[in-house]
Amino acid sequence: MNKIIVAIDGYSSCGKSTTAKAVAHALGYIYIDTGAMYRSATLYMMEHYIDLSNPKAVEQALAQMSIQFHHNNRTGKNETFLNGLNVEEEIRQMRVTDRVSEVSAVPIVRKAMVAQQQRMGRKRGVVMDGRDIGTVVFPDAEVKMFMTADLNIRAVRRQQELLAKNEMVNLNVIKENLAKRDQIDANRSEGPLRQAEDAISLDTSYLTIDEQVDLVVGYCLSRIFEKQQALNSAGTLG
Ligand code: DC
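Described in the following lines is the structure provided in the data block. (Residues numbered from 1 in each chain as written. Predicted model: local features only at pLDDT ≥ 70, side-chain atom pairs only at ≥ 80, totals over all residues. Heavy atoms only, no water.)

In the region of the ligand, 14 residues are neighbours, and Arg39, Arg110, Asp132, Arg181 and Arg188 sit closest. At a separation of 2.8 Å, an oxygen atom of the ligand approaches a polar side-chain atom of Arg110. Contacts to the ligand include Arg188, whose side-chain N or O atom sits 2.9 Å from an oxygen atom. If the ligand stood free it would expose 440 Å²; the protein chains cover 96% of that surface. Elements with a contribution of two residues or more to the shell around the ligand: α2 (34–47), α4 (94–104) and α8 (171–187). Among the elements that line the shell around the ligand, the one with the most residues is α2, at 4 residues. The residue makeup of the shell around the ligand, split by class, is 2 nonpolar, 5 polar and 7 charged. (Near = heavy atom within 4 Å. Polar contact = N/O pair within 3.5 Å; in protein donor to acceptor, adjacent residues only side chain to side chain. Areas by Shrake-Rupley, 256 points an atom, 1.4 Å probe, with all protein chains shown as cover. Helix = DSSP H or I, 4+ residues; strand = E, 2+ residues; numbered from the N terminus. Nonpolar A, V, L, I, M, F, W, Y, C, P; charged D, E, K, R; others polar.)

Here you go:
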């Protein structure tokens, strides 16, 4: 009853997903990586040579596409499945990252993803990270965070993530990709990346992951407490 929705939006590589995962773990909530959904849709469009300027073709592709998350008990992590296939690794590769903003700017793609995200969060008790969670997907989320960080710091973080997966990418190439994605994400007509009026802004440039997580968990616990108090007094009054 007192479960809340935690929306974590912001620029690419600010530590949103690492923070969101840890916050979900601390609260015993489900973590939903909406970027993985746009990445999976992008992979599908690439593999099927879908012409993004043809709305009928995009609509048909969306109807053929099923994106799901499954928990891997061995790794303890959630993995992304596209039409039954585990695409967790593939969707993080640069060739997908290079095209994802283009695909996620298509309004009918967003409509389909937003509808699925709203279904996933209808019972609350979720931490969702993305670009439009606090503005479009769950404007009534009890906690809304908006993360930012210095572009150079974000690029170094992304390079380290890729290196850990044995992909060596030049820092300038990563910087260009991040800047281009920020630009497309912030300027598209549907669900652009922007801070919700009631979101708390968090610059993660000089914060450790533990500090980010502690801050967000702190906000969540106070909102859960407030919600419980409201429920208790409604119960007393009723
Ligand atoms: O969080 P990420 O870097 O994995 O997201 C990949 C891309 O997906 C990002 O460049 C923009 C898009 N995206 C979006 O448009 N809306 C969301 N809610 C999440 C991601």
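Turning to the side chain of Glu142, a few remarks are in order. Relative to the assigned elements, Glu142 resides in the loop between α6 (133–137) and β7 (143–148). A polar contact is formed between the side chain of Glu142 and the side chain of Lys227, at a distance of 3.1 Å. Residue contacts for Glu142: discarding those within four places in its chain leaves Lys3, Ile4, Ile5, Arg124, Arg223 and Lys227. (Contact = heavy atoms within 4.5 Å.)

The subject of this paragraph is the pattern of salt bridges. Using the criterion set out here, one finds 14 salt bridges in the structure. Measuring nitrogen to oxygen at the nearest pair gives 2.9 Å for the salt bridge that ties Arg110 to Asp132. In this pair, Arg110 is assigned in helix α5 (residues 107–120) and Asp132 in the loop between β6 (126–130) and α6, connecting sequence segments 22 residues apart. Since its relative accessible area comes to 3%, Arg110 is described here as buried. Note that Lys227 is salt-bridged to Glu142, the shortest N-O span being 3.1 Å. With a gap of 85 residues between them, Lys227 in helix α9 (residues 209–237) and Glu142 in the loop between α6 and β7 connect regions that are remote in the sequence. (Salt bridge = Lys/Arg side-chain N within 4 Å of Asp/Glu carboxyl O. Buried < 20%, exposed > 50% of the residue type's maximum accessible area, 1.4 Å probe, protein only.)

This brings us to the sheet that holds strand β5 (residues 85–86). If you walk across this open sheet you meet the 3 strands as β3-β4-β5, and the pairing is antiparallel. Because the sheet does not close on itself, it has two edges, and the strands there are β3 (67–72) and β5. Note: strand β4 (residues 77–82) against β5, 2 bridges, orientation antiparallel. If you follow Leu82 over to β5, its bridge partner there is Leu85. (Pairing = 2+ DSSP bridges.)

Fair warning: the whole summary comes from geometry, so function is off the table for now.
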